[in-house]
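Chain by chain, the residues:
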Amino acid sequence: MVIVFANQKGGVGKTTTSINIASYLALWGKKVLLVDMDPQSNLTSGVGFDRSQSYLSTYELLVDDLSVNQIFIQTDLSPNLYLVPSKIDLAGAEIEIISRLSREKILKTKLDPIKDQYDFIFIDCPPSLSLLTLNSLVASDYVIIPVQCEYFALEGISQLINTINLIKDNLNSKLKILGVVMTMFDGRTKLSQDVVNEVRKHFGKKVFDTVIPRNVRLSEAPSHGKPINFYDPNSPGAKAYETLSKEILDRI
């Protein structure tokens, strides 16, 4: 099963959410592959991968016609957690593949042969509706949309929903929205609660019950190359992502 974390707005918690859900699922015995489709490669460093070394990445996967099995690595975090890393070169991949036939299906052709090797494949997208994001959506079965609890939360989501519907109609009829997850919730402010209520009004049951709080330990964990359940498993952020991971399993 392939799940993409998408929102063209930056800083909403896509990478944090994909890393932490993947880590909990791996802890519970699920075999998970993380695919970093963002040239910023925050997911890659967020699971402790050393980007200073020379390595193959999603750039080579898309441009040089290598397979996933030639690129993936097992993370040091868990024998069940694997990574297809990214690097800054990926930013130029769109220009290099734009003239290719079926350019929006390149990632799908790479993931389809290895889907059965994993319980879950998670794709982390760049914060834009780019060809990299399009490839990710076409390759996926489900979309999870992280939404930050702030004033402009709904801005741009309608465009993302329209894009998802267009892809569903023309390129990937299986694609479904698994859910919307509210992130960076601050229970001390009325604004956060108002935003959650507004998003629930728009998306109804598509919004996960679990809300991810604004939490310092969640912010610190990536700089240590660890998911939150390794960095501080007793923190409010860890408890929230554990509950969200269970909710995702139930929903699937």
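Scroll up for the structure.
Residues numbered from 1 in each chain as written. Predicted model: local features only at pLDDT ≥ 70, side-chain atom pairs only at ≥ 80, totals over all residues. Heavy atoms only, no water.

J.: How should I be thinking about the pairing of strand 7 (residues 176-185) in this particular structure?
T.: Moving residue by residue along a regular strand, the side chains alternate between the two faces of the sheet. Burial analysis of strand 7 places 8 of its 10 residues in the buried class, which makes it a mostly covered element. Bridging between strand 6 (residues 142-148) and strand 7 involves 7 bridges; their strand directions are parallel. Looking at strand 7, one finds that Pro-146 is bridged to Val-181. The parallel pair strand 6 and strand 7 is bridged by helix 7 (residues 157-170), and the resulting crossover is right-handed. The β-α-β motif built from strand 7, the intervening helix 8 (residues 190-203) and the parallel element strand 8 (residues 207-213) has right-handed crossover chirality. (Buried < 20%, exposed > 50% of the residue type's maximum accessible area, 1.4 Å probe, protein only. Helix = DSSP H or I, 4+ residues; strand = E, 2+ residues; numbered from the N terminus. Pairing = 2+ DSSP bridges. Right-handed = clockwise from strand over helix to strand, strands pointing away.)

J.: Teacher, can you tell me more about the pattern of salt bridges here?
T.: When the charged atoms of two side chains with opposite charge come close together, those side chains can pair. Under the criterion given, the structure shown has 13 salt bridges. Here Lys-87 and Glu-60 are joined by a salt bridge, their closest N and O atoms 3.1 Å apart. Separated by 27 residues along the polypeptide, Lys-87 in the loop between strand 4 (81-84) and helix 4 (93-97) and Glu-60 in helix 3 (residues 58-63) bring together distant segments of the chain. Like Lys-87, the residue Glu-60 is buried in the burial classification. The shortest N-O distance in the salt bridge between Glu-220 and Arg-217 comes to 2.8 Å. Here Glu-220 and its partner Arg-217 are both found in helix 9 (residues 216-220), 3 residues apart, which amounts to about one turn of the helix. Residue class for Glu-220 comes out partly exposed when judged on its relative accessible area of 26%. (Salt bridge = Lys/Arg side-chain N within 4 Å of Asp/Glu carboxyl O.)

J.: Is there a simple way to explain the pairing of strand 8 in this structure?
T.: The pairing of strand 7 with strand 8 spans 3 bridges and is parallel. Among the inter-strand pairings, Val-180 is bridged to a residue of strand 8, identified as Val-207.

J.: It is not clear to me how unusual backbone geometry should be interpreted in this structure. Could you clarify?
T.: With glycine set apart, most residues show a phi of negative sign, and most peptide bonds adopt trans. Although it is not a glycine, Ser-41 sits at a positive phi angle of roughly 55 degrees. For Ser-41, a relative accessible area of 4% corresponds to the buried category. In this structure, Ser-102 takes a positive phi of about 55 degrees despite not being glycine. As for its position among the elements, Ser-102 is in the loop between helix 4 and helix 5 (106-111).

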